[in-house]
Amino acid sequence: MAKFDDFKKSLSGAAEVIAGKAAGLAKVAAEKTREAAEKTKELAKIGKLNADILAQKEEIRKAYQEIGKLYYEYFKVDPHEPMKDACAKVDDAMAMIAAKKAEIEALKAENPGEDFSEYEVVDDDIVASAEISEKASEEKTEAPECEEAKPETECCCACEEEKSEE
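Please read these numbers as outputs of a predicted model, since none were measured by experiment. (Residues numbered from 1 in each chain as written. Predicted model: local features only at pLDDT ≥ 70, side-chain atom pairs only at ≥ 80, totals over all residues. Heavy atoms only, no water.)

(A) Up close: the overall build of the protein. If you tally the helices and strands in the protein, you get 3 helices and 0 strands. In sequence order, the secondary structure elements of the protein are arranged as α-α-α. Contacts in the protein between residues far apart in sequence, at least 24 positions, make up 52% of those at least 6 positions apart. Counting only carbon and sulfur atoms, one obtains 60% of the accessible surface of the protein, whose full area is about 14100 Å². (Helix = DSSP H or I, 4+ residues; strand = E, 2+ residues; numbered from the N terminus. Contact = heavy atoms within 4.5 Å. Areas by Shrake-Rupley, 256 points an atom, 1.4 Å probe, with all protein chains shown as cover.)

And the structure:
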C-alpha cells in the first residue's frame, strides 16, 4: 500500500506540475493574445491614417485639377512660358474632340432615321469646362485680380523666376 501512496503522491505532484505549467501557458497565451490585440489596433489605426492620407491626396489632386482648369480658362490665349506646352496639349485635344464630334454629326446626317443615342458619349466636366472656357475667351474675360498680386517681373507660379518679356 505504501507503493500505492507513493504512486498517488507522485501522480498528485505531477498533476500539480502539469497544472502549474498549464497555468503558465495560459498566462503566456493571454499575454500573447493581448499583444496581438494591441498590434491589431495599431495596424488598424495605421490603416485608417493611411486611408485619411490618401483622401487628402485626392483632395489635393482635385484642387490641382481645378487650378489647372482655371489657369487654362484665364490664360489659354497667352499662357506663361512654363505652361505653354500644357495649354497647347489641351488645345490640341479640344480640337480633336471637336473634329470627332463633327465627324459624328456628319455620320448622323447621312443616316437621318437611325437612333444613335445609345452610342453617344455624354460630355464630362472637362469638355463642359472647355465650352465654358471658349465662351469666356469670346467675351474676353480677364483673370481675376489676386489680393496679393505679384509684380510682373515674377513668374505666375511664384517660383521667383523673372517673367520673360515677349
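That was the structure; now back to the text.
(B) The packing of aromatic side chains, seen in detail. Scanning all chains against the criterion turns up 1 aromatic pair. A centroid spacing of 4.8 Å and a plane angle of 35° characterise the contact between Tyr71 and Phe75, whose relative ring orientation is tilted. Note that Tyr71 and Phe75 are positioned in helix H1 (residues 2–75) at a spacing of 4 residues, about one turn of the helix. (Phe/Tyr/Trp six-rings, centres within 6.5 Å; stacked < 30°, edge-to-face > 60°.)

(C) Quick peek at the pattern of salt bridges. Scanning the entire structure with this criterion turns up 7 salt bridges. When the shortest N-O distance is used, the salt bridge between Lys32 and Glu35 registers 3.8 Å. On the criterion of helical spacing, the pair formed by Lys32 and Glu35 is a turn pair, its members being 3 residues apart in helix H1. Of the charged contacts in the structure, one is a salt bridge between Arg34 and Glu38, with a shortest N-O distance of 2.0 Å. Linking Arg34 with Glu38, this pair stays in helix H1, spanning 4 residues, or about one helical turn. A relative accessible area of 38% places Arg34 in the partly exposed class. Using a relative accessible area of 39% as the deciding quantity, one classes Glu38 as partly exposed. (Salt bridge = Lys/Arg side-chain N within 4 Å of Asp/Glu carboxyl O. Buried < 20%, exposed > 50% of the residue type's maximum accessible area, 1.4 Å probe, protein only.)

(D) Spatial organisation of H1. With 74 residues, H1 should cover 110 Å at 1.5 Å per step; its first-to-last C-alpha distance of 107 Å lies within 8% of that length. Of all the residues in H1, the buried ones are Lys69, Tyr71, Tyr72 and Glu73. (Expected span 1.5 Å × (residues − 1).)

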